[in-house]
Amino acid sequence: VQLQASGGGLVQPGGSLRLSCKTSGIIFRSSAMGWYRQAIGKQRESVARISSAGVKNYADFVQGRFTISRDNAKNTVYLQMNNLKPEDTALYYCSAGSSINRSPTFWGQGTLVTVSS
């Protein structure tokens, strides 16, 4: 199983980034996918999750700025992040599992997002 996250980088406050996570070795269309993040000195937290049926949920701190989506034909999940804030700086991980209401089964490597002027 591989979950390959990409798209992180350095962006100024108010800017945008689009993270991608391409998967292999899982039945993607049947999997619940998610994005988590971990900032230095903090615990990993959920950012956004999407079920196999396309049901989405977001952390409160997203406040309409982020959008999770999936492309079953490409076995890829995305996280569009707009109006980024310095407090969004973190290592972002994608995940896969059986349900958005359960802990993920598989994790990808992180992609670093740094929001700074």
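Higher on the page you've got the structure.
Residues numbered from 1 in each chain as written. Predicted model: local features only at pLDDT ≥ 70, side-chain atom pairs only at ≥ 80, totals over all residues. Heavy atoms only, no water.

Draft legend 1. Geometry of the pattern of salt bridges. Tallying each qualifying case throughout the model produces three salt bridges. Its salt-bridge partner being Asp88, residue Arg37 comes within 2.9 Å of it at the nearest N-O pair. Placement of the pair is Arg37 in strand S4 (residues 32-38) and Asp88 in the loop between strand S8 (76-81) and strand S9 (90-97), with a sequence separation of 51 residues. Taken individually, Arg37 and Asp88 each receive the classification buried, so the pair is uniform in this respect. Residues joined by salt bridges that share partners form a network here, namely Arg37, Glu45, Arg65 and Asp88. (Salt bridge = Lys/Arg side-chain N within 4 Å of Asp/Glu carboxyl O. Helix = DSSP H or I, 4+ residues; strand = E, 2+ residues; numbered from the N terminus. Buried < 20%, exposed > 50% of the residue type's maximum accessible area, 1.4 Å probe, protein only.)

Draft legend 2. Structural detail: the nonpolar core. Counting 27 residues, the largest nonpolar core has Trp35, Leu79, Met81 and Tyr92 as its most contacted members. Looking at this core, the elements with two or more residues in it are strand S1 (2-6), strand S3 (17-24), S4, strand S5 (45-50), strand S7 (66-71), S8, S9 and strand S11 (111-115). Of all the elements, S9 adds the most residues to this core, at four residues. (Core = buried A, V, L, I, M, F, W, Y, C linked by side-chain atoms within 4.5 Å.)

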